[in-house]
Amino acid sequence: MKQDTTVVIGAGPYGLSVASHLKARGVQTLVFGKTMELWKKMPSGLCLKSIWTASSISGPKAEFSIDRYIALHKIPRQEPIPLSMFLDYALWFQQQTVPDVDQTYVQALASDGRGFHLELADGRSVKANKVVLASGIGTFAYVPEYARDLPATLAGHTSTHTDLSVFKGRKVVVIGNGQSALEYAALLNEAGASVELIARGEVRWHTRVLYDRTGPARHIFYPPGDVGPPGINWVVAFPGFYRHLPDRIKSPVHRRAVLPGGAKWLRPRVEGQLQITEKAQIVKATPQGQGLCLELDNGTTREVDYLMLGTGYQPGVQKLPYIDASLLSKIQQRNGYPVLDKSYEASVPGMYFAGILAGYTFGPTCRFVSGTKALASRIARN
Ligand SMILES: Cc1cc2nc3c(=O)[nH]c(=O)nc-3n(C[C@H](O)[C@H](O)[C@H](O)COP(=O)(O)OP(=O)(O)OC[C@H]3O[C@@H](n4cnc5c(N)ncnc54)[C@H](O)[C@@H]3O)c2cc1C
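Conventions adopted
Residues numbered from 1 in each chain as written. Predicted model: local features only at pLDDT ≥ 70, side-chain atom pairs only at ≥ 80, totals over all residues. Heavy atoms only, no water. 1 Å grid on protein atoms, 1.4 Å probe; cavity = no way out; pocket = protein on both sides within 12 Å on 5 of 7 lines; lining within 4 Å. Points joined across faces, edges and corners; volume = space filled by probe spheres on them. Helix = DSSP H or I, 4+ residues; strand = E, 2+ residues; numbered from the N terminus. Nonpolar A, V, L, I, M, F, W, Y, C, P; charged D, E, K, R; others polar. Phe/Tyr/Trp six-rings, centres within 6.5 Å; stacked < 30°, edge-to-face > 60°. Lys NZ or Arg CZ within 6 Å of the ring centre and 35° of its normal. Near = heavy atom within 4 Å. Polar contact = N/O pair within 3.5 Å; in protein donor to acceptor, adjacent residues only side chain to side chain. Areas by Shrake-Rupley, 256 points an atom, 1.4 Å probe, with all protein chains shown as cover. Salt bridge = Lys/Arg side-chain N within 4 Å of Asp/Glu carboxyl O. Buried < 20%, exposed > 50% of the residue type's maximum accessible area, 1.4 Å probe, protein only. Patch = residues over 30% accessible without salt bridge, like charges linked within 9 Å, V, L, I, M, F, W, Y side chains within 5 Å. Pairing = 2+ DSSP bridges. Axes fitted to C-alpha atoms, helices over the stretch in contact; angles between N-to-C directions. Contact = heavy atoms within 4.5 Å.

> How would you summarise the layout of surface pockets if you had to cite specific residues and measurements?
Here the second largest pocket is characterised by a volume of approximately 550 Å³. Along its surface, the second largest pocket is lined by 25 residues, and Pro 224, Gly 225, Ser 370, Lys 373 and Ala 374 are the ones closest to its centre. Looking at the lining of the second largest pocket, the elements that each hand over two or more residues are helix H8 (232-236) and helix H14 (372-380). In the lining of the second largest pocket, the residues fall into 12 nonpolar, 10 polar and 3 charged.

> Hey, could you go over the packing of aromatic side chains for me, with residue numbers and the actual values?
Aromatic ring pairs: the centre-centre distance and the angle between the two ring planes describe each pair. Following the criterion strictly, the structure yields 13 aromatic pairs and no others. Where Tyr 69 meets Tyr 89, the ring centres are 5.7 Å apart and the plane angle is 55°; that geometry is what we call tilted. In this pair, Tyr 69 is assigned in helix H3 (residues 66-73) and Tyr 89 in helix H4 (residues 83-97), connecting sequence segments 20 residues apart. Judged by centre distance (6.5 Å) and plane angle (40°), the ring pair of Tyr 337 and Tyr 360 falls under tilted. Of this pair, Tyr 337 sits in strand E18 (residues 337-338) while Tyr 360 sits in helix H13 (residues 359-362), and the two are 23 residues apart along the sequence. Site record: aromatic cluster; members linked through ring pairs are Trp 39, Phe 64, Tyr 69, Phe 86, Tyr 89, Trp 92 and Phe 93. Cation over ring: Arg 218 sits above Tyr 211, and NZ or CZ is 4.6 Å from the ring centre. Lying over the aromatic face of Tyr 360, Lys 250 brings its terminal NZ or CZ to 4.7 Å of the ring centre.

> Before we move on, can you summarise the site of the ligand with the specific residues and values?
Residues in contact with the ligand amount to 29 residues; listed here are only the nearest, Lys 34, Glu 37, Lys 49, Val 106 and Val 369. Pro 13 is positioned such that a nitrogen or oxygen atom in its backbone is 3.3 Å from an oxygen atom of the ligand. Measuring from a nitrogen atom of the ligand, one finds a backbone N or O atom of Phe 32 at 3.5 Å. Out of a free accessible area of 980 Å², the ligand has 92% covered by protein chains. Mapped onto the shell around the ligand, the elements with two or more residues apiece are helix H1 (13-24) and helix H2 (37-40). Taken together, the residues that form the shell around the ligand break down as 17 nonpolar, 8 polar and 4 charged.

> Pulling in residues and values, what's your account of the pattern of salt bridges?
Under the counting rule described, the total for this entry stands at 14 salt bridges. Among the ionic pairs, Lys 23 bridges to Asp 100, the shortest N-O distance being 2.9 Å. Residue Lys 23 is found in helix H1, and its partner Asp 100 is found in the loop between H4 and strand E3 (106-111); the two are separated by 77 residues along the sequence. The class for Lys 23 is partly exposed, based on a relative accessible area of 25%. Where Arg 124 meets Asp 122, a salt bridge forms, and the shortest distance between an N and an O atom there is 2.9 Å. Shared partners join several salt bridges into a network, and the residues in it are Asp 102, Asp 122 and Arg 124.

> Provide a residue-level description of a nonpolar patch on the surface, including the pertinent values.
There is a patch of nonpolar side chains on the surface, built from Trp 234, Phe 238 and Phe 241 and spanning about 320 Å² of accessible area. Position of Phe 238 among the secondary structure elements: in the loop between H8 and helix H9 (239-242).

> Provide a residue-level description of empty space enclosed by the protein, including the pertinent values.
Considering all chains together, one arrives at 1 cavity of 30 Å³ or more under this definition. Of the volumes computed, that of the largest cavity is approximately 60 Å³. Here the residues of the lining of the largest cavity sort into 8 nonpolar, 3 polar and no charged.

> Could you give an account of the sheet that holds strand E1 (residues 6-9), naming the residues involved and the relevant values?
Strand order across the open sheet formed by 4 strands is E2-E1-E6-E19, with parallel pairing between neighbours. For this open sheet the edge positions go to strand E2 (29-32) and strand E19 (351-353), each flanked by a neighbour on one side alone. Across the sheet, the mean angle from the axis of one strand to that of its neighbour is 20°, orientation sign disregarded. As paired elements, E1 and E2 share 4 bridges and run parallel to each other. Among the inter-strand pairings, Val 8 is bridged to a residue of E2, identified as Val 31. On top of the sheet, H1 reaches E1, E2 and strand E6 (130-133); it is set at about 160° to E1, its chief contact.

Take a look at the structure:
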């Protein structure tokens, strides 16, 4: 393998997007990972929370947008966007721009100071002078302490479930109040499970009132990337600008932009359809017979068949299982995120971060498909 190679770790929206831009610039690029793995594991029936204008993967030309995809295939535009439509689009994007994704996982990543050395899961090794880490959110799934020792037959994170029909006729408690928790609760209920949603806070709905009421002027209130409520959404829409904000502003802006809540189209599938208990937390979960006994901090208990954790993701660069310890120690971090320069390069020269881990420096758009727009071309320009 020649040294002048860039390796992209990950073949989700971010890995594919960066690789497409690199290849268009003639950079020798190798991409490792399972194409759209996270999305292929989501339950059928799921819809995207992101709106149409926020659901294109950035490619080197506009012809790889979701608009172009539906025009070419004569598919009617649908909102909310069904998972199957987005997946078909993403796989088409991959075939058009990065047809040679190697579906092998990277097992180890080290550096000798002059370049990078990667060990693959099938025993091969690869050298690269640049690496782009785009391995996504899968390893960051957050499981609360009380559920860590429970068997997979009794409890699991939403990300571990594809087929919700297996819960038909069973009593399931879903934890959380973000879009994932609310949507899985709705899908479980529609699959015939008896569902209760328990949330630490209140269940909020992102109603986007101004979007509906302001006609063509809606574009003043909502940038195409559509992350966060009006006002905040424009601050985070420009990651290059966000990067310069002081920490005391970044933190509350980031938190507010990703405040948990459900899309308004989901509301009628949840409210009045299933039991919701707000402002309550589980303090203990104990296997009992074939199921679980849950003790809540409000003094009540539940006997259920399964505990579904819609508890989100807690990113941290140290949680990436493949980075060699000595390389990890050279990555400057803040709050578990790598600190990046204007071209998404970490303190280790030649090492770039794409997706959620770029979020400390570049803001919450890095958690969403729309964030590929600013990120991928910038990394490829280096
Ligand atoms: C239920 C759910 C709904 C969502 N809905 C939306 C939405 O509507 N709109 C939106 O914008 N975002 C949504 N998201 C967020 C979504 O995760 C991100 O937008 C997007 O997937 C991030 O892309 P990514 O490429 O960074 O990561 P991922 O999509 O997680 O892709 C990670 C890639 O890395 C690969 N990989 C992992 N480990 C290794 C390894 N060791 N070696 C090689 N490859 C590896 C995987 O195989 C995969 O190819 C949703 C997330 C969830 C969980």
